[in-house]
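# Examining the three-dimensional arrangement
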Amino acid sequence: MTVRPARPDDAEAVRSIRNHAIEHSTALWTDTPQNPAQGVTWLAAHLERGSAFVAEADGEVAGFAVYGPWRELEGYRHTMENSVYVREDRHGLGIGSALLAALVTAAREAGHHVMIAGIEAENAASIRLHERFGFQHVGTVPEAGIKFGRRLALTLMRLPLT
Ligand SMILES: CC(C)(COP(=O)(O)OP(=O)(O)OC[C@H]1O[C@@H](n2cnc3c(N)ncnc32)[C@H](O)[C@@H]1OP(=O)(O)O)[C@@H](O)C(=O)NCCC(=O)NCCS
């Protein structure tokens, strides 16, 4: 398995992994899958910033990770939010860890100050993954969202980068 910066031709594989999470999990709090054009546009913003990575295994994209501004106002400009998604049939093989390592390194090299992960509070795999990299639990917002008719709590985890 190798991790490399994402390329424009990864858009369809990334979209498929993202849409699977939208349709089947509470990891992403939307019910609306991306169409191919939206997938290209979404990835392009990350490619421009150099903030998208993919893991390749057996010649296929097995997962991706991105970071981008946590909030839009300029006062938040040194704080990035990350996302890591691994194809369901490749969970538990170290791919999420390899992706998050690449992402944290890239964000540090870009001079960002803090990385935030917003995680559905019952997502044990993601919480464990982030703990492993030194992210600290800074709070949980009860009933911050809703999906599949269930109110969801949002756990925020924070990693200092500088
Ligand atoms: C969260 C996710 C990215 C982890 O990726 P992964 O490749 O499966 O993770 P790794 O194999 O690198 O394992 C990382 C750590 O998480 C632990 N872990 C993995 N799956 C777990 C689970 N279901 N429950 C608890 N811990 C779990 C591993 O044991 C490992 O910890 P360790 O080193 O202490 O043993 C992956 O499960 C995923 O894509 N989930 C769906 C999308 C998602 O929830 N993304 C995060 C949104 S915030």
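Residues numbered from 1 in each chain as written. Predicted model: local features only at pLDDT ≥ 70, side-chain atom pairs only at ≥ 80, totals over all residues. Heavy atoms only, no water.

## Looking at helix 2 (residues 36-49)
The terminal C-alpha atoms of helix 2, which comprises 14 residues, lie 21 Å apart, in line with the 20 Å expected from a rise of 1.5 Å per residue. Inspection of helix 2 places G39, L43 and H46 among the buried residues, and these make up the whole buried set. When helix 2 is viewed along its axis, its buried side chains cluster within an angular range of 50 degrees and face the same direction. For helix 2, the exposed residues set more than 90 degrees away from the buried face come down to A37, T41 and E48. (Helix = DSSP H or I, 4+ residues; strand = E, 2+ residues; numbered from the N terminus. Expected span 1.5 Å × (residues − 1). Buried < 20%, exposed > 50% of the residue type's maximum accessible area, 1.4 Å probe, protein only. Arc of directions from axis to C-beta.)

## Brief notes about the nonpolar core
Counting residues in hydrophobic clusters, the biggest one holds 25 residues, and the most contacted among them are Y67, L99, L100, L103, V104, M115 and F135. Looking at this core, the elements that each hand over two or more residues are strand 2 (52-57), strand 3 (60-69), strand 4 (79-86), helix 3 (95-109), strand 5 (114-120), helix 4 (124-132) and strand 7 (150-160). In terms of residues, this core owes the most to one element, helix 3, which gives seven residues. Once residues within four sequence positions are removed from consideration, L99 is found in contact with V3, F53, V54, A55, G63, F64, A65, V84, Y85 and V86. (Core = buried A, V, L, I, M, F, W, Y, C linked by side-chain atoms within 4.5 Å. Contact = heavy atoms within 4.5 Å.)

## Side note on the side chain of R4
For R4, the position within the fold is in strand 1 (residues 2-5). Take R4: its relative accessible area is 15%, and that puts it in the buried class. Excluding its chain neighbours within four sequence positions, the residues that come into contact with R4 are D10, F53, V54, E56 and V61.

## A closer look at the site of the ligand
Near the ligand you find 20 residues, and of these G96, S97, N123, R128 and R132 are the closest. Contact between the ligand and I95: an oxygen atom at 3.4 Å from a main-chain N or O atom of the residue. Residue R128 places a side-chain N or O atom 2.7 Å away from an oxygen atom belonging to the ligand. Every element with two or more residues in the shell around the ligand is listed here: strand 4, helix 3, strand 5 and helix 4. At six residues, the largest contribution of residues to the shell around the ligand is made by helix 4. (Near = heavy atom within 4 Å. Polar contact = N/O pair within 3.5 Å; in protein donor to acceptor, adjacent residues only side chain to side chain.)

## Considerations on the side chain of H46
Tracing the sequence through the fold places H46 in helix 2. We classify H46 as buried; its relative accessible area is 9%. Once residues lying within four places of it in the same chain are set aside, the contact partners of H46 are S51, A52, V66, Y67 and G68.

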